[in-house]
Amino acid sequence: MAVIEARGLVKAVGTGRAARRVLSGVNLSVDAGEVVAVLGRSGSGKSTLLHLLGGLDPPDEGEITIAGERLTGARARAQDRIRLGHIGFVFQQFQLIDELSGRENVLVPTRLPGAPAGGVRRAEALIDELGLRAVAAHRPHELSGGEQQRFAIARALVNDPEVILADEPTGSLDAANGATVLELLAHMTGRAVLLVTHEPEAAAIADRVLTLEDGELVGAGAGAQRR
């Protein structure tokens, strides 16, 4: 069953003569339990696509459905609810809050209005599962890059979302830590994982690899071909 559905996504960036279309009618479908990687050079629109799917930016045209709920056209409050309940984000630069410990960073989504019950229990279980108990009280500047990204993954998972959106998650890591993070992403049972990257090595963990070229997704199993 498709957990991520996108049809006809169009997005331009810039204004006036500097405007350019980075997405031109993108179709994408990702099933539960599937890892899909989107490869593309810098500036090809990979992050733009992820921001649209996560409701961080609206498309100029097209429709997005996440876990059976329509994201495009929804009111801001409804989009917030969809993000909180269904989507976990993993970023290249970790995006941890410097003033909080690793454990406190994981707990942030559980304290937002509308978060599902049981957040503290899930946070503690994830900290143990990801081998972070010994450094859970440390702040981000006291952690290695690999530890920071594992805390970021725990934060993404803490509300038990069906969708994980990962934007260049190994881009700030060395090879060993990058491999650990990719292993975690590859084994997220039952979740739809969309990974955008410029690194073929990172894309190798995916069940399907698509390429973003000239504003369109191409490759075996692209959304338009799965219908």
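Residues numbered from 1 in each chain as written. Predicted model: local features only at pLDDT ≥ 70, side-chain atom pairs only at ≥ 80, totals over all residues. Heavy atoms only, no water.

(A) How the structure looks around the pairing of strand β3 (residues 35–39). Within β3, five of the five residues are buried, which leaves it mostly tucked inside the rest of the structure. Covered by surrounding structure in β3 are Val35, Ala37 and Leu39 together with Val36 and Val38, the residues of both alternating faces. With five bridges connecting them, β3 and strand β8 (residues 192–197) associate as parallel partners. When the bridges of β8 are listed, Val36 appears paired with Leu194. One ladder, built from four bridges, connects β3 with strand β9 (residues 208–213); its direction is parallel. If you follow Val36 over to β9, its bridge partner there is Arg208. (Buried < 20%, exposed > 50% of the residue type's maximum accessible area, 1.4 Å probe, protein only. Helix = DSSP H or I, 4+ residues; strand = E, 2+ residues; numbered from the N terminus. Pairing = 2+ DSSP bridges.)

(B) Structural detail: the side chain of Arg83. Residue position: Arg83 is located in helix α2 (residues 76–86). Reaching out from Arg83, the side chain makes a polar contact with the backbone oxygen of Gly55 at a distance of 2.6 Å. Residues contacting Arg83, with those up to four places away along its chain left out, are Gly54, Gly55, Leu56 and Phe89. (Polar contact = N/O pair within 3.5 Å; in protein donor to acceptor, adjacent residues only side chain to side chain. Contact = heavy atoms within 4.5 Å.)

(C) Seen up close, the pairing of β8. Among the six residues of β8, six are classified as buried, and the element is accordingly described as predominantly covered. Residues Ala192, Leu194 and Val196 of β8 are buried on one face, and the alternating residues Val193, Leu195 and Thr197, pointing to the opposite face, are buried as well. Inspection of the sheet shows strand β7 (residues 163–167) paired to β8 by five bridges, in the parallel sense. Looking at the pairing, Ile164 lines up with Val193 of β8. The handedness of the β7 to β8 crossover, carried by helix α6 (residues 175–186), is right-handed. (Right-handed = clockwise from strand over helix to strand, strands pointing away.)

(D) Quick look at the sheet that holds strand β4 (residues 61–66). Spatially, the four strands line up as an open sheet ordered β2-β1-β4-β5, and their pairing is antiparallel. Edge strands, defined here as strands with exactly one partner in the open sheet, are β2 (20–31) and β5 (69–70). Bridge count for β4 against β5 is two bridges, and the pairing is antiparallel. Residue pairing across strands places Ile66 opposite Glu69, the latter belonging to β5. Along the sheet, helix α1 (residues 46–53) contacts β1 (2–13), β2 and β4; its crossing angle with β1, the most-contacted strand, is approximately 125°. (Axes fitted to C-alpha atoms, helices over the stretch in contact; angles between N-to-C directions.)

(E) Spotlight on unusual backbone geometry. Positive phi values are uncommon outside glycine, yet Ala67 reaches one of about 50°. Phi is positive for Gln95, which is not a glycine, with a value near 60°. The residue Gln95 is located in the loop between β6 (87–91) and α3 (102–107) in this model. Classification of Gln95 as partly exposed rests on a relative accessible area of 46%.

(F) Representation of the sheet that holds β7. Here we have six strands laid out as an open sheet, ordered β6-β7-β8-β3-β9-β10, and mixed in their pairing. Only two strands of the sheet have a single neighbouring strand rather than two, namely β6 and β10 (216–218). Adjacent strand axes in the sheet meet at a mean angle of 20° when their direction is disregarded. Here β9 pairs with β10 via three bridges, running antiparallel. Looking at the pairing, Glu213 lines up with Glu216 of β10. The strands touched by α1 are β3, β6, β7, β8 and β9; relative to β7, the strand with the most contacts, the crossing angle is about 155°.

(G) Spotlight on the pattern of salt bridges. Overall, the coordinates contain twelve salt bridges when judged by the stated rule. For Lys11, the salt bridge identified is with Asp60, shortest N-O distance 3.8 Å. Of the two residues, Lys11 sits in strand β1 while Asp60 sits in the loop between α1 and β4, which places them 49 residues apart along the sequence. Owing to a relative accessible area of 46%, Asp60 belongs among the partly exposed residues under this scheme. (Salt bridge = Lys/Arg side-chain N within 4 Å of Asp/Glu carboxyl O.)

(H) The arrangement of the nonpolar core in detail. Residues Phe151, Ile153, Ile164 and Met188 are the most contacted members of the largest nonpolar core, which totals 35 residues. Considering each element in turn, this core owes the most residues, six residues, to helix α5 (residues 145–157). Apart from residues lying up to four places away in sequence, Ile153 is in contact with Val90, Leu130, Val181, Leu184 and Met188. (Core = buried A, V, L, I, M, F, W, Y, C linked by side-chain atoms within 4.5 Å.)

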